[in-house]
Amino acid sequence: MRIGKIIRISGPVVQAEGALGFEMHELVMVGNEELIGEVVRIEGDIITVQVYEDTVGLKVGEPVKGSGMPLSVELGPGLIQNIFDGIQRPLTIIREVTGDFVRRGVKTTALPRDKKWHFIPLKKVGDYVKPGEIIGKVQETPLVEHRILVPPNREGKIEYIVEEGDYTIEETIAKLSLNNTKYELKMYHKWPVRKPRPYLERLEPTEPLITGQRIIDTLFPVAKGGAVCIPGGFGTGKTVTSHQLAAWSDAHIIIYIGCGERGNEMTEVLINFPEWKDPRTGRPLMERTILIANTSNMPVAAREACIYTGVTIAEYFRDMGYDVAVMADSTSRWAEALREIAGRLEEMPAEEGYPPYLASRLGEFYERAGRVKTLSGLYGSVTLIGAVSPPGGDFSEPVTVHTKRFVRAFWALDTALASMRHYPAINWLISYSEYVDYVEKWWNEKTHGNWKNLRLKALEILKREDELKEIIRLVGIESLPETEKLVLETARLLREGFLQQNAYDPIDTYSSPEKQYKLLYAILEFHNIALKAISKGIPVSKIISLKSISELARARMNIPNEKAYEIDNILKRIENEINSIMEESS
Amino acid sequence: MSIEYRTIQKISGPLIFVEGVSGVGYNELVEIRDPEGNLRRGRVLEINRNIAVVEVFEGTTGLSITSSTVRFLGKPLTIPLSTEMLGRVFNGLGEPIDGGPPPFTEEYRDVNGLPMNPYARDYPTKFIQTGISAIDGMNTLVRGQKLPIFSGSGLPHNLLATQIARQATIVGEEEGFAVIFVAMGIKHDEAEFFKKSFEESGVLKNSALFLNLADDPPVERLVAPRCALTLAEYLAFEQDMHILVILTDMTNYAEALREISAAREEVPSRKGYPGYMYSDFASIYERAGRIKGRKGSITQMPILTMPNDDITHPIPDLTGYITEGQIVLDRDLHRRGIYPPINVLPSLSRLMKDGIGKGKTREDHGPVSNQLYAAYARAQELRMLSTIIGEEGLTDRDRLYLKFGELFERRFINQGVNENRSLETTLDIAWDLLSIFPESELTRIPDYIIRKYYKRK
Ligand SMILES: Nc1ncnc2c1ncn2[C@@H]1O[C@H](COP(=O)(O)OP(=O)(O)O)[C@@H](O)[C@H]1O
Ligand SMILES: [Mg+2]
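Computed from a predicted model, the values in this text were never measured in an experiment. (Residues numbered from 1 in each chain as written. Chains lettered and ligands numbered in written order. Predicted model: local features only at pLDDT ≥ 70, side-chain atom pairs only at ≥ 80, totals over all residues. Heavy atoms only, no water.)

### Concerning the state of the cysteines
All names here are of chain A. If you walk through the whole model with that rule in mind, you get 0 disulfides over all chains. C259 carries a free sulfur, and the closest cysteine sulfur to it, the one in C306, is 3.6 Å from it. Since its relative accessible area comes to 0%, C259 is described here as buried. (Disulfide = S-S within 2.5 Å. Buried < 20%, exposed > 50% of the residue type's maximum accessible area, 1.4 Å probe, protein only.)

In structure tokens form, the structure reads like this:
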């Protein structure tokens, strides 16, 4: 066995000498208590290890032992509904072992070994299976059929496969042979977290990830397989937005990574998701969700690892042919963990103390998003949604700037909007999405080809409002022509009746695509009708005091998705009321 | 008996570097005997081969390379714990300074604590009525929350903190409630003010004070909150008590952290503060909360003074990223005689939503708060505008908002230092103010609530 001797301890960073033959990113056991660590640097016979557990009491001279394996995750039934720490230890088991507070040194496997799963084989003896092929399935939860994959680095002819029945993940379910070598397959395999899983082909995204959040789906959509960043100062809504996406997105699997944030935010998901129902299936949301938690008071090095743990699990479900969405809140804490480790290694810093490889690490991470043709020929995707927490809310800081280079949608949260309680505080003037062209077809099919134009019209009115505000600052509102006053009113309707969406209102929290479209259509149609009235000399002030207008402004909270057609009725009333003012005045 | 080293090789700021050590554990407790023969304490920050870097809690003034000795105690800093610590006063290291005996107990615990397992946490949902409209109505505090006050020098944060400590109640409940007060580098008269106010309101016998004052050693500031929170955890999770921890002033704490970092010649991040300040703050703030199956709770109210009133300064910024909201005091409101000078716009309580509403406070609580926010934000915007173009340039509707803004500050935010408003009163004032608007302006409130509460003036 390869053993090094500790020569230096500085927080989560440990150096050992006499450590020959260790590999980069090898999993190691540190000290007499065998704390879990990973090799992050090798120089001659000195290795540097980042330790994923508290190093209090560790002494110079204690051993560091190699494991011969890179830091890996276990992939198989038992992942769904679980909550793991940054290196995939179930927090439920840690609690059983060390109580309500996390102590170090807990040795456990990620997946339960004793639980039996009902396995249904999909291949038979004599079949030849290729890497990544599906050989059977397990109904892991009512929402998720867990497809059992041949590991990406295995293939061969099936010599033996078990019958349908209940098995634990340690039981052999099939035997393969290839050129006289035999392999036993189990329902799970391991995969190194820092190595992207292979696929056949990368594909363009085509479908939107429907999130039920109006400003996102309609103005700044993300495609399945896309990468998005949500930057925002504290309290602007990164976490609520991430939670909303985890709850309502139409992905098959949700992986929520709490990276260096609050413990209570994980608890919140643990309490709500078993209760809340998936709008499409009526099943509890937890049945498709996996949580990874390294909260801000847990060991900092594991914060660096938790992002990779999460994305590797995501790729695994992608390889089954699923659409997976990953929320990482917050990637800044991951970057800061990198910085802290680099600082303790006395590496030369680049901007603001971050190591020079910050950008390339971010790039590698977001590259793991994508829609692919899997090894087994199915279509699957990983959508990555990363929150960024810029110091002082300043978007010119390194993590935001570099992240922007690797994502194609940017939902900029704005402190000013948040302080007005305009939620979600996504600033419509500086946010963008490059996925619009990809998802346009999908939307147009559902909206009589109208979506693209409505979207542009809405953005135009909002942009014009911004310009008009500048003008008002010079000349006051009263000197504006009536048509411009109408722009201000329509923009206000858009902001208050469409863009704002209260995550805590039972009706407003999730908007079906149909409701989104009808609301947007009604508001913009109001604009057209009102324009006509103005041309007949009716003042804007008279139009906007109509009762039906405030009905439209509150429709997002009052009209549930199933009754979206009522929005059409409001529009009719608006039309009638405006018509009758016109008749009165003529 | 452990070895006594006479091998201090270097003294730098609050740090000493001890050479030739062996068997020393990371973060363990250290005893230093100064040339006068007095003992000081410290802890190991780093070990590099046979050199240990030690941070000295009482500071290094008076230590010398030749005549000071060092012993490593093989365990981290602990404090004794017992319910008898209530009613007592301690220094930053948890030693009694009120002339009384040390607490009599077998129970000793590491002051650094352990991270609460997120899976073991119970979500805070119980509304604490503070009797202050700006908080109860719009930034509701719940039991187990960490809600800081962001203040500035000269603003009445102490007055507000004591008013909250005095008035905080859970309506309809009488349970073990205690205050733990941690002073970090504040002035004597400020500490005296808190003590006196606790005394007058009868909280003192149910409180423990950990005092590190302005002329006490800065490094001790890094330990004081940890001692206090260790006691808080014991009282909350083993003695079923509800603990309010007031920590003041976190700015002084951060300064001490920066001093250590500079002495270690670490690469700084913003404004010279260390890159790990976020994690360090978190190791304090995240010790608030509740645990499933246990009765007690820890509610934290840290106070910090924002350097130059700048909310983007790393100290408030990193705090805001960890705490569950913030109450922001405003110099302009203070100048205009509004007490408490809470600017609700940048203030926030992230846990409010789960503590309010039907069955908890009142069904209209959330929507009313949203509407007040929207209207006040609009009023502020128009105030700015009217200073440029004059009120004449505004519409009638806009002028209504200006009027609302004025009333809101004078009648809703403003209240007496001893005025303890019930939530009903707070919401009634709110409806009274909102009724100056026509119904069509109240777009944040669902129809059924408007029908029930809105009475147009
Ligand atoms: N869509 C929303 N609906 C209602 N409230 C929201 C919404 N988004 C944010 N908020 C409010 O803003 C607060 C802060 O949001 P949060 O996501 O925790 O911010 P961040 O993670 O950016 O610090 C929440 O506690 C909530 O009160
Ligand atoms: Mg957050």
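From this point, things continue past the structure.
### Digging into the packing of aromatic side chains
Using the criterion set out here, one finds 31 aromatic pairs over all chains in the structure. Note on F119 of chain A and Y167 of chain A: the rings are 6.4 Å apart at their centroids and 80° apart in plane angle, and the pair reads as edge-to-face. Of the two residues, F119 of chain A is situated in strand 9 (residues 117-121) and Y167 of chain A in strand 14 (residues 165-167); the sequence distance between them amounts to 48 residues. A residue is classified by how much of its surface remains accessible, and Y167 of chain A, at 13% relative accessible area, is buried. In this structure, R258 of chain B is placed above the aromatic ring of Y273 of chain B, and the distance from its NZ or CZ to the ring centre is 4.3 Å. (Phe/Tyr/Trp six-rings, centres within 6.5 Å; stacked < 30°, edge-to-face > 60°. Helix = DSSP H or I, 4+ residues; strand = E, 2+ residues; numbered from the N terminus. Lys NZ or Arg CZ within 6 Å of the ring centre and 35° of its normal.)

### Comments concerning empty space enclosed by the protein
Under the counting rule described, the total for this entry stands at 4 cavities of 30 Å³ or more. Surrounding the largest cavity, 19 residues form its lining, R339 and P391 of chain A together with S269, R270 and L318 of chain B being those nearest its centre. Mapped onto the lining of the largest cavity, the elements with two or more residues apiece are helix 6 (331-344) of chain A together with helix 6 (277-285) and helix 7 (314-322) of chain B. Ranked by residue count, the leading element in the lining of the largest cavity is helix 7 of chain B, at 4 residues. Within the lining of the largest cavity, the residues separate by chemical class into 9 nonpolar, 3 polar and 7 charged. (1 Å grid on protein atoms, 1.4 Å probe; cavity = no way out; pocket = protein on both sides within 12 Å on 5 of 7 lines; lining within 4 Å. Points joined across faces, edges and corners; volume = space filled by probe spheres on them. Nonpolar A, V, L, I, M, F, W, Y, C, P; charged D, E, K, R; others polar.)

### Side note on a nonpolar patch on the surface
A cluster of nonpolar residues, I471, L474 and V475 of chain A, forms a patch on the protein surface that exposes about 290 Å² of accessible area. Structurally, the position occupied by L474 of chain A is in helix 11 (residues 451-475). (Patch = residues over 30% accessible without salt bridge, like charges linked within 9 Å, V, L, I, M, F, W, Y side chains within 5 Å. Areas by Shrake-Rupley, 256 points an atom, 1.4 Å probe, with all protein chains shown as cover. Salt bridge = Lys/Arg side-chain N within 4 Å of Asp/Glu carboxyl O.)

### Looking at the domain arrangement of chain B
All names here are of chain B. Domain boundaries in chain B define domain 1 (4-76), domain 2 (79-352) and domain 3 (365-453). Relative placement of domain 2 and domain 3: their C-alpha centres are 32 Å apart. Tallying the contact residues gives 28 residues for domain 2 and 24 residues for domain 3. When the buried surface of domain 2 facing domain 3 is broken down by residue, S133, M138 and L345 rank first, second and third, together holding 27% of it. Where domain 2 meets domain 3, there are 1 salt bridge. R336 is paired through a salt bridge with E409; the nearest N and O atoms lie 2.1 Å apart. When residues of the side of domain 2 that touches domain 3 are traced back to their parent elements, those giving at least two are helix 1 (133-136) and helix 2 (157-167). (Domains from an automatic or database assignment. Contact = heavy atoms within 4.5 Å. Buried area = accessible area lost by both parts, 1.4 Å probe.)

### So, the domain arrangement of chain A
Residue and element names in this part refer to chain A. Segmenting chain A into domains produces domain 1 (3-71), domain 2 (112-190), domain 3 (201-435) and domain 4 (450-585). On a C-alpha basis, the centroid separation for the pair domain 3 and domain 4 is 32 Å. Opposite the 21 residues of domain 3 that make contact, domain 4 presents 22 residues. Approximately 2100 Å² of surface area, both sides summed, lies buried where domain 3 meets domain 4, with 59% of it carried by carbon and sulfur atoms. The largest share of the area that domain 3 buries against domain 4 comes from R214, T218 and L219, three residues that together contribute 36% of it. The interface formed by domain 3 and domain 4 holds 1 salt bridge in total.

### Overview of the site of ligand 1
Taken together, 16 residues surround ligand 1, and among them G235, K238, T239 and V240 of chain A together with R350 of chain B come closest. Ligand 1 sits at a junction of chains, with neighbouring residues supplied by chains A and B. Residue K238 of chain A places a side-chain N or O atom 2.7 Å away from an oxygen atom belonging to ligand 1. With respect to ligand 1, the side chain of Y423 of chain A contributes an N or O atom lying 3.2 Å from an oxygen atom. Contact with the protein chains hides 93% of the accessible area of ligand 1, taken as 560 Å² for the molecule alone. Looking at the shell around ligand 1 element by element, the count peaks at 3 residues for helix 3 (residues 238-248) of chain A. Along the lines of polarity and charge, the residues of the shell around ligand 1 split into 7 nonpolar, 7 polar and 2 charged. Taken together, domain 3 (201-435) and domain 4 (450-585) of chain A each give at least three residues to the shell around ligand 1, which thus spans both. (Near = heavy atom within 4 Å. Polar contact = N/O pair within 3.5 Å; in protein donor to acceptor, adjacent residues only side chain to side chain.)

### Let's talk about the sheet that holds strand 14 of chain A
Strands pair in a sheet through their backbones, by hydrogen bonds, and they do so in one of two ways: parallel or antiparallel. Residues and elements named next belong to chain A. One open sheet holds the 4 strands; their spatial order is 12-11-9-14, and the pairing between them is antiparallel. Edge positions in the sheet fall to strand 12 (144-149) and strand 14, since each of these pairs with one other strand and no more. Direction aside, neighbouring strands of the sheet carry axes that sit 40° apart on average. (Pairing = 2+ DSSP bridges. Axes fitted to C-alpha atoms, helices over the stretch in contact; angles between N-to-C directions.)

### Quick word on unusual backbone geometry
Note on backbone geometry: most residues besides glycine have negative phi, and most peptide bonds are trans. For the peptide bond that leads from T248 of chain B to D249 of chain B, omega is 10°, which places it in the cis range. Mapped onto the secondary structure, D249 of chain B falls in the loop between strand 17 (242-248) and helix 5 (250-263). Across the junction of Y339 of chain B and P340 of chain B, the peptide omega takes the value -10°, indicating a cis bond. Inspection of the secondary structure assignment puts P340 of chain B in the loop between helix 8 (331-335) and strand 21 (348-349). Positive phi outside glycine occurs at R421 of chain A, with the angle close to 60°. The residue N27 of chain B is not glycine, and still its phi comes out positive at about 75°. Inspection of the secondary structure puts N27 of chain B in the loop between strand 3 (15-18) and strand 4 (29-33). Relative accessible area serves as the criterion here: at 10%, N27 of chain B is assigned to the buried category.

### Description of the packing of helix 4 (residues 224-237) of chain B against helix 6 of chain B
Residues and elements named next belong to chain B. Contact geometry of helix 4 with helix 6 gives a least axis separation of 10 Å together with a crossing angle of 30°. Accordingly, the angle class assigned to the pair helix 4 and helix 6 is roughly parallel. When helix 4 is examined against helix 6, the residues P225, R226 and L229 are found in contact with a partner set consisting of D280, S283 and I284. The residue makeup of the contact of helix 4 with helix 6, split by class, is 3 nonpolar, 1 polar and 2 charged. (Parallel < 35°, antiparallel > 145°, perpendicular 65-115°, else oblique.)

### Comments concerning the pattern of salt bridges
Residues and elements named next belong to chain B. Under the counting rule described, the total for this entry stands at 92 salt bridges over all chains. Here E324 and K146 are joined by a salt bridge, their closest N and O atoms 3.0 Å apart. Here E324 is found in the loop between helix 7 and strand 20 (325-328), whereas its partner K146 is found in the loop between strand 13 (141-142) and strand 14 (149-151), with 178 residues between them in sequence. Take E324: its relative accessible area is 1%, and that puts it in the buried class. Exposure remark for K146: the relative accessible area of 0% places this residue in the buried category.

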